[in-house]
Amino acid sequence: MNSDETRWHTLTQHETLGRLKSREEGLTKDEANRRKEQYGPNELEEVRRKSVVRLFFEQFANVMIWVLLAAALISGMLSEWVDTAIILAVVLINALLGTIQESRAEAALDSLKKMAAPMARVVRDGAAERIPAGELVPGDVVHIEAGDFVPADLRLLMSASLRVEESTLTGESVPVEKSTDALADPEVPLGDRVNLCFSGSSVTYGRGLGVVVETGMRTQIGRIASGLAAPQDETTPLQRKLAQISRVLSAGVLIVAVVVFAVGLLTGREPFEMFLTAVSLAVAAIPEGLVAVVTIVLALGMQRMAGRGAIIRKLPAVETLGGTQIICSDKTGTLTVNRMAVRALWLEDAHRESGDPPADSPVFSELCSAMVRCNDAQLSSEGRAVGDPTETALIDYALNVGAWTADAVRARTRDGEIPFDSERKLMTTAHAVPGGFRVYVKGAPDVLLHRCTRVLGPQGESPMDEAAMERAQAANTEMAQQALRVLAFAYKDAPAFDAADITGTESELVLVGLAGMIDPPRDEARQAVAACREAGIMPVMITGDHRITAEAIARDLGILREGYEAVSGTELSRMNDMMLSERIRRFAVYARVAPEHKVRIVDAWQRRGYVVAMTGDGVNDAPALKAADIGIGMGITGTDVSKGASDMVLTDDNFATIVRAVEEGRKIYGNIRKTVRFLLSSNFGEVIALFAATLAGWRLLYPIHILWINLVTDTFPALALGVEPTEGDVMRHPPRDPSQPFLMGRDWRDIVVSGTLEGALALAAFLIGRWMAGETLGTTMAFVTLGLSQIFYSVASRSERNSVFALGLLKNKVMVGAFLLSAALQVSVALIPPLRTLFGLVAMNGAHWLIVAGLSASMLLFGEIFKGALRLGARRRVSPD
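Student: Explanation requested: the overall build of the protein in the structure shown.
Tutor: A tally of regular secondary structure across the protein gives 35 helices and 26 strands. Across the 881 residues of the protein, 55% fall into the buried class. Taking all contacts inside the protein whose residues are at least 6 apart in sequence as the whole, residues at least 24 apart take part in 72%. In the structure as shown, the protein presents an accessible area of about 35600 Å², 57% of it carried by carbon and sulfur atoms.

Right under this line is the structure:
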């Protein structure tokens, strides 16, 4: 009885009961027990999550980590215990950081389980009883009424003014009026299957009787849970590119180490000495601090984003934001305020498209009375209207324009009523007045207008002639074309009120006016969409609401522009994946979509090579949030399910916060590139120096020297580069191409040139020291020079093209602090006797220190000269004359 096989909405009540082998009197308890054994409990299955131990060991599935472990093993075999301890500490810290990062609570399925109704009113053995919702089975007959959660997927057998709120499942903000008639179209969208009620939705009005057709994981919510449980490839573009760099570096390390070892043996060097040299080269080539530095830079960015209203749940999402090219956004509650509001009025004496009240209009006063009195919504203690969204909009409007006060709304009385009925499409209330009753009626204009014989105008009541009818119908049509939900209001004075005489009571009415309502766009969303356009990001609306409504909101926000189209879920279902991928760039709006459609849309963009973000707040958004490169949940209106499935949660539910987060993501990505360029140039300099020294037969540096520079001296400047202020406006150019390499050809050129110079400076220091006082002094001067030259170069690395003097030497105060701290640490190793002994160094005199300082500082001068030459070359290419 899987919903994929049975189109329950196409079957009549009798056919449904027959298919389920049930009846209106319900199942017997024996039948229910047998079916529970067959179908299992009406619960969502738990997902077996990875243990912390497994997450920890998964951090070692990295080629660079393997090479480091091999280096640690070799160092241990050579009794280089300090080197071994340092390398293992690096590996352990990286694994711990990764484990903490990935050990986040997968709360989505737990939240889905909480949404299930804890109890249900079921008919068993012909009698109604309350049982835990988990005990329900297909074929059970269940009673539901206002205030209930729907405990399973039901096919309705009876509906009495039943309205069900399904926005978290379908995205439609207005409760759906339910009926029992079978539907002819087997492919009708989920939100239009009005004879079905879905597990986890809530009843806002009326009552109903339904037979359970699906339970547990076979319900619509269960199918979403299955999608959430499916494994996802959550690696980000940056992770993939850094992994690629790691593989290239690791392969290069092994090749260089083997070549050096072989060359040494061929030239008659001792195998043990060459083995140690090869290890030193391997340690020099691997940027041990790279992973940790990138993680810390991302974490710092995460803290900044949290201060701007965006909580990052998955650390790599920080950089993914910067490369976002498509934002697929749910409409309800994300682009709109998720609360219906009156936006247009029509009265015989005025047509107000803005919804503003006409001045001194008795007709308007009567219209507000009808809005408030013929209304079931109530005011909370905080003064907020609660109830059906359409009715709360009417109360809000009367309060906002000052036509009614909160006290007056609370003091309303009612002396009779005829409840809303989906067949009549009308609601009537009666209020005692001297001489009888004032009867108010509201409902669908196409019904109510024909019940009116008179119309209220500036001079009082007048006959509802053909011209007046045409004016009212034209206003209704105009509002409907603007995607407004239109209600008509009328009244009559009667000497008595008889609720049983529905036809008599709801006839010969006086038309007061029409009100058009919509869930309006957020003002900040409109600005955010414009900012997205300027930044080269395409916003896409995906909603379960009706097409005409979606198009109107999308045009208002600037999403649906010339050259773009809207498409419905039904049309989407007729497209295969290839067809959708071919046409995906034409579609800016998707209406009446099912949850699986959202995942298809995200997948289609990703197949075209785009980086896709998905915003949403409902259960229906959760699978697509998981599938997107970055899922963005809403912190206030969002369900726990959507927040649990997201990478980032907006604390203010403000679409504009996404734009700020994208800007921060672009800043961070640019700074990470600076950091990686700096670290790789440092490592290349070490490799060049060691390789040249090995070929010359010199003992330049030991592994502990390289580890100290890579993990201590270089780390603080690298982190300072990660918080470097942005150059220019990063939001005025298109997103980076995801197919573009993380490091371009010019980046590798800069790395090679600067690294070669760093290596040359270290070799120069070694030769000078060796000439002045022997090889040990040469090693000491080379070690201090190599570390300090890299620290000086970190200052030049603050900008790829601009002079640091133009940027301001003291503008990045973190860099100033990092420079001083790293320099102090590097110098302290050569000055403090115990450290000097541990590192195998000797004391230097003033002349030695002057030479080291001069060589090291020249690296900053070179960096500035090199960037100046690049700027000059760029100007000549632009202006060849």
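Student: Would you take a moment to explain helix α21 (residues 547-557) for this structure?
Tutor: Since one α-helical turn is 3.6 residues long, residues separated by three or four positions face the same way. Residues of α21 that are buried include every one of Thr549, Ala550, Glu551, Ile553, Ala554 and Leu557, and no others. Where α21 is buried, its residues touch α13 (331-335), β20 (509-518), α20 (523-534), β21 (538-542), β22 (565-568) and β23 (587-591). The first or second residue beyond α21 is glycine 558, which carries a positive phi of 90 degrees.

Student: Explain the side chain of serine 794 here, please?
Tutor: Mapping serine 794 onto the fold places it in helix α31 (residues 775-796). Ignoring anything within four residues of it in the chain, the contact list for serine 794 reads Phe678, Pro717, Leu721 and Met815.

Student: Would you mind showing me how to read the sheet that holds β21 here?
Tutor: Sheet strands pair via backbone hydrogen bonds, and the direction of the pair is either parallel or antiparallel. Spatially, the eight strands line up as an open sheet ordered β8-β26-β25-β24-β9-β21-β23-β22, and their pairing is mixed. At either margin of the open sheet sits one strand with a lone partner, and together these are β8 (310-312) and β22. Strand after strand, the sheet turns through a mean of 20 degrees between neighbouring axes, direction not considered. Examined bridge by bridge, strand β9 (residues 326-330) and strand β24 (residues 612-616) share four bridges and lie parallel to one another. Of the residues in β24, the one forming a bridge with cysteine 328 is methionine 614.

Student: What exactly am I supposed to notice about the side chain of asparagine 42 here?
Tutor: Considering the arrangement of structural elements, one finds asparagine 42 in the loop between α2 (29-39) and α3 (52-58). Polar side-chain contacts of asparagine 42 include one of 3.0 Å to the backbone oxygen of alanine 133. Setting aside residues up to four positions removed in sequence, asparagine 42 forms contacts with Ala133, Gly134, Leu136, Pro151, Ala152, Thr215 and Gly216.

Student: What is the right way to look at unusual backbone geometry in this model?
Tutor: Of all residues except glycine, most have a negative phi; of all peptide bonds, most are trans. Although it is not a glycine, lysine 21 sits at a positive phi angle of roughly 55 degrees. Relative to the helices and strands, lysine 21 resides in the loop between α1 (13-20) and α2. Although it is not a glycine, lysine 425 sits at a positive phi angle of roughly 60 degrees.

What counts and what doesn't
Residues numbered from 1 in each chain as written. Predicted model: local features only at pLDDT ≥ 70, side-chain atom pairs only at ≥ 80, totals over all residues. Heavy atoms only, no water. Helix = DSSP H or I, 4+ residues; strand = E, 2+ residues; numbered from the N terminus. Buried < 20%, exposed > 50% of the residue type's maximum accessible area, 1.4 Å probe, protein only. Contact = heavy atoms within 4.5 Å. Areas by Shrake-Rupley, 256 points an atom, 1.4 Å probe, with all protein chains shown as cover. Pairing = 2+ DSSP bridges. Axes fitted to C-alpha atoms, helices over the stretch in contact; angles between N-to-C directions. Polar contact = N/O pair within 3.5 Å; in protein donor to acceptor, adjacent residues only side chain to side chain.

In short, shape yes, function no, at least from these values alone.
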